[in-house]
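Chain and residue survey
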Amino acid sequence: QVQLVESGGGLVQAGGSLRLSCAASGQTLSTYTMGWFRQAPGAEREFVAAIRWSGDSTSLADSVKGRFTISTNNAKNTVYLQMNSLKPEDTAVYYCARSWYFSRSVSSYAYWGQGTQVTVSS
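Let me begin by describing the structure that accompanies this report.

Rules behind the numbers
- Residues numbered from 1 in each chain as written.
- Predicted model: local features only at pLDDT ≥ 70, side-chain atom pairs only at ≥ 80, totals over all residues.
- Heavy atoms only, no water.
- Helix = DSSP H or I, 4+ residues; strand = E, 2+ residues; numbered from the N terminus.
- Contact = heavy atoms within 4.5 Å.
- Salt bridge = Lys/Arg side-chain N within 4 Å of Asp/Glu carboxyl O.
- Buried < 20%, exposed > 50% of the residue type's maximum accessible area, 1.4 Å probe, protein only.
- Disulfide = S-S within 2.5 Å.
- Pairing = 2+ DSSP bridges.

In this section: the environment of V48. The topology assignment puts V48 in strand β5 (residues 46–52). Expressed as a C-alpha distance, the spacing of V48 and T119, which sit 71 residues apart in the sequence, is 16 Å. In contact with V48, not counting residues within four places along its chain, are W36, F37, R38, S59, L60, A61, V64, F68, L81 and Y94.

Put into structure tokens, the structure is as follows:
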């Protein structure tokens, strides 16, 4: 009953910006949490950001604080990840996911999108 579709990835030079979007179908109750994760080649999937649909709780990984912002548009059932001051280390496949609980853990998220590639060149 849940479909998540990411978009907005691409190739950008270091210092540039991208905005990722995740369109969610199905229920978007205020108690649900949406998260962004990323996975580089040969690395484990890691937490980037999370937000409750209500917007009353947000969390960002230390590596992206001050550069990335997570937000929602509830009317459009869409969550965004605004990425500024991008670094080559940000290069990864970025995934949108949904959890029943507010969490930073991969294991808490039951539904995942297919991912969108972000490549940052130096």
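Enumeration according to the criterion identifies five salt bridges in this entry. A salt bridge links R52 to D56, with the nearest nitrogen and oxygen atoms 3.0 Å apart. Judged by its relative accessible area of 55%, D56 is exposed. Ionic contacts of the salt-bridge type, sharing partners, join the residues R38, E46, R67 and D90 into one network.

Turning to the state of the cysteines, a few remarks are in order. Per the stated rule, a full pass over the model turns up one disulfide. Paired by a disulfide, C22 and C96 hold their sulfur atoms 2.0 Å apart. Handedness of the C22-C96 disulfide follows from its S-S torsion of about -75°: it is left-handed. Separated by 74 residues along the polypeptide, C22 in strand β3 (residues 18–24) and C96 in strand β9 (residues 92–99) bring together distant segments of the chain. Grouping residues by exposure puts C22 and C96 together as buried.

Looking now at the side chain of R67. Structurally, R67 can be placed in the loop between β6 (58–60) and β7 (68–73). Those residues within four positions of R67 in sequence are excluded, and the remaining contacts are Q82, M83, N84, S85, L86, K87 and D90.

Taking every second residue as pointing to the same face, the buried face of strand β11 (residues 116–121) carries T116, V118 and V120, while none of Q117, T119 and S121 on the other face is buried. Taken together, the three bridges between β9 and β11 define a ladder with antiparallel strand orientation. Within the sheet, the bridge partner assigned to A92 lies in β11 and is V118.

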